[in-house]
Amino acid sequence: MKRYILGFLCTILFSAAYAQTSVDSSRVVRVLTFNIYHGETVAASKQFDLDLLAKIISDTKPDLVALQEVDFKTNRVLKMDLVTELGWRTKMVGIFGKAMPFDGGEYGEGVLSKGSFVSTKNHALNARENKEPRAALEVNVQIKSGDTIRFVGTHLDHTNDETDRINQANQINAIFTKDEVPTILAGDLNATPETETMQILYKAWTPSFSENTPTYPAVNPKIKIDYILYRPANRWRVIETKVIEEDIASDHRPVLSVLELIEE
């Protein structure tokens, strides 16, 4: 009898714990960040294999995708609009955010979304003279629960001098911490976790990964420079995180986080 009662109590406690952590699927957001190396697949037999890129994206079943190193009708990508091409192939809606003119076209960020955009805005980020301009592409979307969230894709300065990355991190904090709108920030930040750049961002954002799993280079990755962050911390719960084992399509590995928006 004692054993039966103990088992019954354990079942109740387990059920209560499960109920507390049960997931509301209408509030779950699957987020992918992927530096696509301007679409020029690095180790595949076919250059500009957009079908391969699209398959990698689609296989993760994302709701939102932040794309970096995106070309818009440049000569090097044969005048293709990469965001639109990938949107068609993944059955998602896409938007391009210009960071700078380049090679007969433009270069910058891209966002893909399973649903339509409520609003969009492209923010130019600070860059010193003779440095590559950068951008933070903001979209607002409504998820299944009816809540509106903000999603920001970005790509910070890549040079050895950290000054521009620090300035860009401070600017991102200044732009997106003026309110408490549930926000996800994703992208190639070109900064490892211990750097000043990331410490600035961590003051306002929470990383989705508890471990610093390397994301770059794609073949035998050594460092983490691709991130998915969120704020406010009390509005999100991390369900799953994963660095996708992919080393053909780009020089970065794609990063996936599954987050649940917590009710106020």
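All figures in this text were calculated on a predicted structure; none of them were measured in a lab.

Rules and cut-offs
Residues numbered from 1 in each chain as written. Predicted model: local features only at pLDDT ≥ 70, side-chain atom pairs only at ≥ 80, totals over all residues. Heavy atoms only, no water. Phe/Tyr/Trp six-rings, centres within 6.5 Å; stacked < 30°, edge-to-face > 60°. Buried < 20%, exposed > 50% of the residue type's maximum accessible area, 1.4 Å probe, protein only. Lys NZ or Arg CZ within 6 Å of the ring centre and 35° of its normal. Axes fitted to C-alpha atoms, helices over the stretch in contact; angles between N-to-C directions. Helix = DSSP H or I, 4+ residues; strand = E, 2+ residues; numbered from the N terminus. Parallel < 35°, antiparallel > 145°, perpendicular 65-115°, else oblique. Left-handed = near helix turned anticlockwise from the far one by under 90°. Contact = heavy atoms within 4.5 Å. Nonpolar A, V, L, I, M, F, W, Y, C, P; charged D, E, K, R; others polar. Lys, Arg positive; Asp, Glu negative; His and termini not counted. Salt bridge = Lys/Arg side-chain N within 4 Å of Asp/Glu carboxyl O. Polar contact = N/O pair within 3.5 Å; in protein donor to acceptor, adjacent residues only side chain to side chain. Pairing = 2+ DSSP bridges. Core = buried A, V, L, I, M, F, W, Y, C linked by side-chain atoms within 4.5 Å.

A.B. asks: What's the story with the packing of aromatic side chains in this structure? I'm lost.
C.D. replies: How two aromatic rings sit relative to each other is set out by the distance from centre to centre and by the angle between their planes. In this structure the tally under the stated criterion is two aromatic pairs. Look at Phe 102 and Tyr 107: their rings are 6.0 Å apart centre to centre, the planes differ by 55°, and that puts the pair in the tilted class. Exposure remark for Tyr 107: the relative accessible area of 8% places this residue in the buried category. The aromatic ring of Phe 209 is capped on one face by Lys 224, whose charged end is 4.4 Å from the ring centroid. Across the ring face of Tyr 227, the terminal group of Lys 224 is positioned such that the distance to the ring centre comes to 4.7 Å.

A.B. asks: Where do I start with the packing of helix H2 (residues 50-59) against helix H3 (residues 82-90) in this structure?
C.D. replies: For any two helices packed against each other, the geometry comes down to the angle between their axes and how far apart the axes lie. Packing of H2 against H3 brings their axes to within 9 Å, and their N-to-C directions diverge by 60°. Here H2 lies oblique to H3, going by the angle between them. Crossing geometry of H2 relative to H3 is assigned as right-handed. Seen from H2, the contacting residues are Leu 50, Asp 51, Leu 53, Ala 54, Ile 57 and Ser 58; seen from H3, they are Leu 82, Glu 85, Leu 86, Arg 89 and Thr 90. Tallied by class, residues from the contact of H2 with H3 come to six nonpolar, two polar and three charged.

A.B. asks: Please explain the side chain of Asp 188 as it appears in this structure.
C.D. replies: Within the secondary structure layout, Asp 188 lies in strand E8 (residues 183-188). For the buried Asp 188, which has no salt bridge, the nearest side chain bearing the opposite charge is Arg 134, at an N-O separation of 6.4 Å. A polar side-chain atom of Asp 188 sits 3.1 Å from the main-chain amide nitrogen of Asn 190. Asp 188 has contacts with Thr 33, Asn 35, Gln 68, Thr 154, His 155, Leu 156, Ile 225, Asp 226 and His 252, leaving out every residue within four places of it along the chain.

A.B. asks: Please explain the pairing of strand E7 (residues 148-155) as it appears in this structure.
C.D. replies: Here is the key point about a regular strand: its side chains alternate between the two faces of the sheet. In terms of burial, E7 is largely enclosed, as seven of its eight residues are buried. Pairing of strand E6 (residues 134-142) with E7, which is carried by seven bridges, proceeds in the antiparallel orientation. Within the sheet, the bridge partner assigned to Val 139 lies in E7 and is Phe 151. Linkage of E6 to E7, two consecutive antiparallel strands, is achieved through a turn of five residues, within which Gly 146 is found at a positive phi near 95°. Where E7 and E8 come together, six bridges link them in parallel fashion.

A.B. asks: Would you mind going over the nonpolar core with me for this structure?
C.D. replies: The nonpolar side chains of soluble globular proteins are, as a tendency, buried together. Within the largest apolar cluster, 24 residues are counted, with the highest numbers of intra-cluster contacts made by Phe 34, Ile 36, Leu 67, Leu 86 and Leu 112. At the level of secondary structure, the elements contributing two or more residues to this core comprise strand E1 (28-35), H2, strand E2 (64-72), H3 and strand E12 (255-261). Looking at this core element by element, the count peaks at five residues for H2. In this structure, Leu 86 is in contact with Ile 36, Leu 50, Leu 53, Ala 54, Leu 67 and Leu 112, ignoring residues within four places of it in sequence. Core analysis: the second largest hydrophobic core is formed by 22 residues, Ala 66, Val 111, Ala 186 and Phe 209 among them.

A.B. asks: Teacher, can you tell me more about the sheet that holds strand E3 (residues 93-102) here?
C.D. replies: Paired through backbone hydrogen bonds, the strands of a sheet run either parallel or antiparallel to each other. Here six strands make up an open sheet; going across it, the order is E3-E4-E2-E1-E12-E11 and the pairing mixed. Single-partner strands in this sheet number two, and they are E3 and strand E11 (236-243). Neighbouring strand axes in the sheet, compared pairwise and without regard to direction, differ in orientation by 20° on average. In this structure, E1 lies alongside E2, joined through five bridges in parallel fashion. Paired with Val 31 across the bridge in E2 is Leu 64. The strands touched by H2 within the sheet are E1, E2 and strand E4 (105-113), with E1 carrying the most contacts at an inclination of about 150°. The sheet contacts of H3 involve E2, E3 and E4, and relative to E4 the element is tilted by about 25°.

Just distances and angles here, no functional claims.
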